[in-house]
Amino acid sequence: MADRIETLSRRRLLAGAGAAAGLLLPASVSLAAFREVTPRQPAGPFYAPFKPLSIDNDLAFLPGRTVRGDGQLINLVGRVLDQTERPIVGARVEIWQANAYGRYNHPRHANSDLKLDPNFQGFGHDRTDEAGAYRFRTIKPGPYPDSPNWLRPPHIHFAVFTPKADPWTTQMYFPGEELNKTDLLLNGVGDAVDRARLIATIEPPAEDTGSVTAAFDIVLGQTRARRT
Ligand SMILES: [Fe+2]
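Residues numbered from 1 in each chain as written. Predicted model: local features only at pLDDT ≥ 70, side-chain atom pairs only at ≥ 80, totals over all residues.

**Topic: the pairing of strand β5 (residues 144–147)**
At step 1: By the bridge criterion, three bridges tie β5 to strand β6 (residues 150–152) in an arrangement that is antiparallel. Following the sheet pairing, Pro145 is matched in β6 by Leu151.
At step 2: The hairpin formed by β5 and β6 contains two residues between the paired strands. (Pairing = 2+ DSSP bridges. Helix = DSSP H or I, 4+ residues; strand = E, 2+ residues; numbered from the N terminus.)

**Here we look at the sheet that holds strand β2 (residues 92–96)**
The strands making up a sheet are joined through hydrogen bonds of the backbone, oriented either antiparallel or parallel.
At step 1: Taking strand neighbours across the sheet as the criterion, the four strands line up as β3-β2-β7-β8 in an open arrangement whose pairing is antiparallel. Where the open sheet ends on each side, the last strands, each with one partner, are β3 (123–127) and β8 (168–173). Mean inter-strand twist for the sheet, computed between neighbouring axes without regard to direction, equals 25 degrees.
At step 2: Sheet topology places β2 next to strand β7 (residues 155–161); five bridges connect them, and they run antiparallel. By the bridge assignment for β7, Val93 is matched with Val160. (Axes fitted to C-alpha atoms, helices over the stretch in contact; angles between N-to-C directions.)

**Side note on the nonpolar core**
At step 1: Core analysis: the largest hydrophobic core is formed by 31 residues, its most contacted members being Val80, Val93, Phe158, Val160, Met172, Ile218 and Leu220.
At step 2: Mapped by element, the contributors of at least two residues to this core are β1 (73–81), β2, β4 (133–139), β7, β8 and β11 (218–219).
At step 3: Sort the elements by how many residues they give to this core and β1 lands first, with four residues.
At step 4: Excluding anything up to four places from it in sequence, Val80 contacts Ile88, Ala91, Val93, Thr128, Gly132, Tyr134, Val160, Ile218 and Leu220. (Core = buried A, V, L, I, M, F, W, Y, C linked by C-beta atoms within 7 Å. Buried ≥ 20, exposed ≤ 12 C-beta atoms within 10 Å, placed from the backbone. Contact = placed C-beta atoms within 7 Å.)

**Things to note about the environment of Gly122**
At step 1: Mapped onto the fold, Gly122 is located in the loop between β2 and β3.
At step 2: Overall, the presence of 25 C-beta atoms within 10 Å leaves Gly122 in the buried class.
At step 3: If we skip the residues at most four places from it in the chain, Gly122 touches Leu59, Trp96, Gln97, Asn99, Tyr104 and Asn105.

Note that every value here comes from positions in space, so none of it alone points to a role or purpose.
Right under this line is the structure:
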């Protein structure tokens, strides 16, 4: 809440400064372009504990395989931005997720009865381009039980690495999922508008591929500087 108050105050301050400064501001600076940050979410227990041999931005097709991972194919796109909507260029974006059956390819999920998919990569990375854009091809993850009374909704974990700050970790959710209403982590974000920033925008399937596009921008706020 304190962060929110601080953000709103800063926005008013910027607006006031703009009115006072008038033509002194460069034409490229738009005071209207101010984005709230994407809420942070925990990385969880299933971050890769090893360096996978294949960690490109295509999780759905493993190199050399002709069969893709099971499930709904997703083109996952978005941009990494700062709060003034400037693209963050060259950021390393990592994702990790369960497969279509809700199973992580991770030792901590080894006691699960959920099905492993040998054709699904589970981890991937990309690097943002000049527009701050990233892209992945992946599979819509299935839900999985986190504990006996908690079924996690489909979600994809993100970590964004920039040179001088701690990684920004968050989780992306899918719209319209019944489990979103009861998820402890999603609903741990108390403000409904902030929760909405964690939900992707889904576009209809492309006719030729059967894939859907999930769009998810990540807006980074102030981050702690690394000590080293
Ligand atoms: Fe997870």
